[in-house]
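Below are the chains, spelled out letter by letter.
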Amino acid sequence: MTSRIIPPTPTETAEERDERLKWWREARFGMFVHYGLYSNMEGIYQGKRVAFDGAEWYQERTGLSSPAYEKLTTDGFSVLEDAAEQWAKLAKDAGCEYVVLTTKHHDGFCLFNSDSTDFSTKNLINRDIVDEFVQACRKYGLKIGFYHSVLDWHHPQYDYTKSTLLPYPTDERARVDGIKRDHSKYQEYLHHQVVDELLTRYGKIDIIWFDYSAMDFDGDEAWKSVSLTQNVKKKQPHIIFNNRLYRRPEGGFSGQEVDDFTDQMDPRYGDFVTPEQHIPPQGLGNVDWEACVTMNYNWGYSKLDTDWKSSDELIQSLCDIVSKGGNYLLNIGPKKHGEIPVESVERMTEIGDWIKTNNEAIKGTKAGPFKTLQEWGRISTKPGIWYLMIFDKSALIELDLSTPVKDVSLLGNKEAVEWIGSDEKLTIDAGKLSESLKFPVLKVVF
Ligand code: JFZ
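Computed from a predicted model, the values in this text were never measured in an experiment. Throughout, a residue's number is its position along its own chain's written sequence, starting from 1. Predicted model: local features are reported for residues with pLDDT of at least 70 only, side-chain atom pairs are reported and counted for 80 or more only, and whole-chain, interface and lining totals are derived from all residues. As a rule here, side-chain values come from all non-hydrogen atoms in the structure, and water together with hydrogens is ignored.

With respect to the domain arrangement of the protein chain
In step 1: Domain start and stop positions are those given by an automatic or database domain assignment. As assigned here, the protein chain comprises domain 1 (14–362) and domain 2 (377–445).
In step 2: A separation of 37 Å is found between the C-alpha centroids of domain 1 and domain 2.
In step 3: Whether two residues are in contact is decided by their heavy atoms: any pair within 4.5 Å suffices. Taken together, the contact between domain 1 and domain 2 spans 14 residues of the former and 13 residues of the latter.
In step 4: Between domain 1 and domain 2, roughly 1300 Å² of surface is buried when both sides are summed, and carbon and sulfur atoms account for 59% of that area.
In step 5: Summed over both partners, the accessible surface that disappears when two parts come together, traced with a 1.4 Å probe, is what is meant by buried area. Considering only the side of domain 1, the residues that lose the most area to domain 2 are Gln316, Glu360 and Ala361, jointly responsible for 40% of the buried surface there.
In step 6: We count a salt bridge whenever a side-chain nitrogen from Lys or Arg sits within 4 Å of a carboxyl oxygen from Asp or Glu. The interface formed by domain 1 and domain 2 contains 4 salt bridges.
In step 7: The partner of Lys443 in a salt bridge is Glu360, with the nearest N and O atoms 2.7 Å apart.
In step 8: Ten residues, namely Ala, Val, Leu, Ile, Met, Phe, Trp, Tyr, Cys and Pro, are considered nonpolar, four, namely Asp, Glu, Lys and Arg, are considered charged, and the remaining ones, Gly among them, are considered polar. Of the residues contributing to the side of domain 1 that touches domain 2, the split by class is 6 nonpolar, 4 polar and 4 charged.

Some remarks on the layout of surface pockets
In step 1: Only protein atoms enter the 1 Å grid, on which a cavity is a set of points fitting a 1.4 Å probe that cannot get out and a pocket is an open set with protein on both sides within 12 Å along at least 5 of 7 lines, lining residues being those with an atom within 4 Å of a point. Grid points are joined across faces, edges and corners, and a volume is the space filled by probe spheres set on the points. Roughly 700 Å³ of internal volume is contained in the largest pocket.
In step 2: Considering the residues around the largest pocket, the lining is formed by 29 residues, among which Gly285, Lys324, Gly325, Lys366 and Ala367 are closest to the centre.
In step 3: Residue assignment for the lining of the largest pocket shows that the elements contributing at least two residues are α1 (14–27) and β10 (377–382).
In step 4: Starting at the N terminus, helices and strands are each numbered in turn, a helix being any DSSP run of H or I of at least four residues and a strand any DSSP run of E of at least two. Here the element with the most residues in the lining of the largest pocket is α1; it accounts for 4 residues.
In step 5: Counted by class, the lining of the largest pocket contains 8 nonpolar, 11 polar and 10 charged residues.
In step 6: In this structure, the second largest pocket occupies an estimated 400 Å³ of space.
In step 7: Looking at the second largest pocket, it is lined by 21 residues, and the ones nearest its centre are Asp53, Glu56, Trp57, Glu276 and Trp299.

With respect to the environment of His183
In step 1: Looking at the element boundaries, His183 is found in helix α8 (residues 183–198).
In step 2: In sequence terms His183 and Asp159 are 24 residues apart; their C-alpha atoms lie 5.3 Å from each other.
In step 3: Excluding residues that lie within four positions of it along the chain, His183 makes contacts with Gln157, Tyr158, Asp159, Lys162, Phe217, Ala222 and Trp223.
In step 4: Within the structure, the side chain of His183 is placed 3.0 Å from the backbone nitrogen of Asp159, a separation counted as a polar contact. Any pair of nitrogen or oxygen atoms within 3.5 Å is treated as a polar contact; in protein, a donor-acceptor pairing is required on top of that, and neighbouring residues in sequence qualify only through side-chain atoms on both sides.

Topic: the packing of helix α4 (residues 83–94) against helix α6 (residues 129–139)
In step 1: Close contact between α4 and α6 brings their axes to 8 Å; oriented N to C, the two are set at 35°. Considering the relative orientation of α4 and α6, their crossing is right-handed. From α4, Ala84, Glu85, Trp87 and Ala88 reach across to α6, where they touch Ile129, Glu132, Phe133, Ala136, Cys137 and Lys139.
In step 2: Along the lines of polarity and charge, the residues of the contact of α4 with α6 split into 7 nonpolar, no polar and 3 charged. What counts as an axis is a line fitted to C-alpha atoms, over the stretch in contact for a helix, and the angles between N-to-C directions run from 0 to 180 degrees. Left-handed is the label given to a crossing in which the near helix is rotated counterclockwise from the far helix by less than a right angle, and right-handed is the label when the rotation is clockwise.

Some details on the UniProt feature "site: May be important for catalysis" (unreviewed entry) in the protein chain
In step 1: UniProt positions are given in the numbering used here, feature names are shortened, and annotations may be inferred rather than shown by experiment. UniProt feature "site: May be important for catalysis" (unreviewed entry): in the numbering of this structure it lies at Cys292.
In step 2: Topologically, Cys292 is positioned in strand β8 (residues 290–293).
In step 3: Partly exposed describes any residue whose relative accessible area lies between the buried limit of under 20% and the exposed limit of over 50%, with all areas from a 1.4 Å probe on protein chains only and scaled to the type maximum. Taking the relative accessible area as the measure of exposure, Cys292 reaches 1% and is therefore buried.
In step 4: Not counting chain neighbours up to four residues away, the residues in contact with Cys292 comprise Phe32, Trp209, Arg244, Pro275, Glu276, Gln277, Trp299 and Leu329.

Here's the deal with the site of the ligand
In step 1: Within the structure, the ligand sits among 15 residues, and His34, Glu56, Trp57, His106 and Arg248 are positioned closest to it.
In step 2: Asp211 has a polar side-chain atom sitting 3.0 Å from an oxygen atom of the ligand.
In step 3: Here Glu276 contributes a side-chain N or O atom positioned 3.0 Å from an oxygen atom of the ligand.
In step 4: Relative to its free-state accessible area of 450 Å², the ligand is covered by the protein chains to the extent of 86%. We call a residue near a molecule or strand as soon as one heavy atom of that residue lies within 4 Å of the molecule or strand. Computed with a 1.4 Å probe, the accessible areas rest on the Shrake-Rupley method; for each residue, only the protein chains presented here act as cover.

Here it is as C-alpha cells:
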C-alpha cells in the first residue's frame, strides 16, 4: 500500500456548507432502491436461496465468472414500463424526501446508457432506467440520489489484486489470474461514467452515494478520489456526497461496539457518514449521518427472505434515528421486473400514513434534548418545541425542564391533553391519550 493522500480541505465556508446540506438535514427520510441484473434471479440459485443476505452480491455468492453471470442473469431480463414511476410514487406516499438508486452495483451492470460499456440496460433492453428514474422523481418532487459502486466485477481492467479485503467472485479470480491489469484504465472509466455521463446527462442530481472502500485500498490510490471529487463538485456544486470513497471504519459499517467513524468525521472525506444496518446508540454528535437499513436481510430482492421487520419497528426506527439527529435511508429491493414486493409497499405506506399525521415531528427537526434515552419513546426538537414520540402508551412521562411549558397538544388530533407543569418538571399520563392512536406525538411548546 502506498502512503495515503489526505484529500484537500474543501474551500467552501461553514455557512456555505450549511446552506448546501440544509435540505438533506431537514429531509430525515429517504428511500434506497437496489435494482440490477441480480434482481432477475430473486436470490435463487439452482432452486435454493443463494445466501442468507447479499442477494445483490449474486455473482460473488455463486462464484460465477462474469460471462456465466451475464448469461444467467440477462436471460429473460425485462423491466416493467412504469417501474421507476412505481418506485418514485411509493417513496412519495411513504413520506420520503429523496430516493437513491443503484445506477451500477458491484457486478458492473449499468442502468444507464454509457459510451464506454455495452453492459447496460440500454444495450440489453434499449432502456435508460436512470433517465426514467430521474423523470419519475422530478414528477413527484423528490430529490435524486445516485448510488454508484466503485467496485466493479465486470470491468476487464479493474485490478482486484490491489486489495485483499474488497470482495471479488472466486471463479472470476481464477479466470483472470495472471492477466496484467491496468487499474488506471478502470479509474478513467469510473470518472467518465460518474462525471461525464451520470452527472452531465440527467440535469440536477442531489446526492452521489459511492460504495465502497477497504482499509487496504481506498481514496486517491484506489479511485483517484481527489480529482473525482473535484470534478463532481465542478459539475454539480450543490451535490451532497457520502464518504465511501475512503476507507470504512475499523469495525465495519454496522454493529461496532463503539461507533468509530472518527477518522471519517471530516468534511474532506464526504458530507455524511453511513452506518449500515445499524443505528448508532448515542447518535454521532455533530457529524451528519444517514443510517441505511433493509426491511428484511437483503438489499437486492430475495424471494425466500421472508423475515420482514414490522411497520411498527420501522416507524420506531425512524423516530429513533431522528431523535439522534440522523437520516433514515430505508431500502426496497424490487423483484425481477422492477415490481415492488407487496410487503415493502405495505410497510412504506404505513410509514407514510404515520408521517402524514406527524410530519412536523420529523421534517426539519433536530436531536432530542437528553443524553439518556427515554423508555417510553423518543424526542425530536425545533427551537422552543419538543416532540414526544410515544411508543409506550401506558407510560407516565416525566421530564426535567429548564423552562416552563406553555402548551401541550397532540399532533393530528384536537383533543385536549392533560399535563402538569412546574418550572422544573413536566408530567403527562400517556394512558389518558386516545386509544386508537399509533405512536402518538405530543408537541410541547415552551
Ligand atoms: C454495501 C454493498 O456491498 C451492499 O450490497 C449494499 O449495496 C450496501 C448498501 O452497501 O455493503 C457493505 C459494504 C461494506 C461493508 C459492509 C456492507 N463492510 O466493509 O463492512
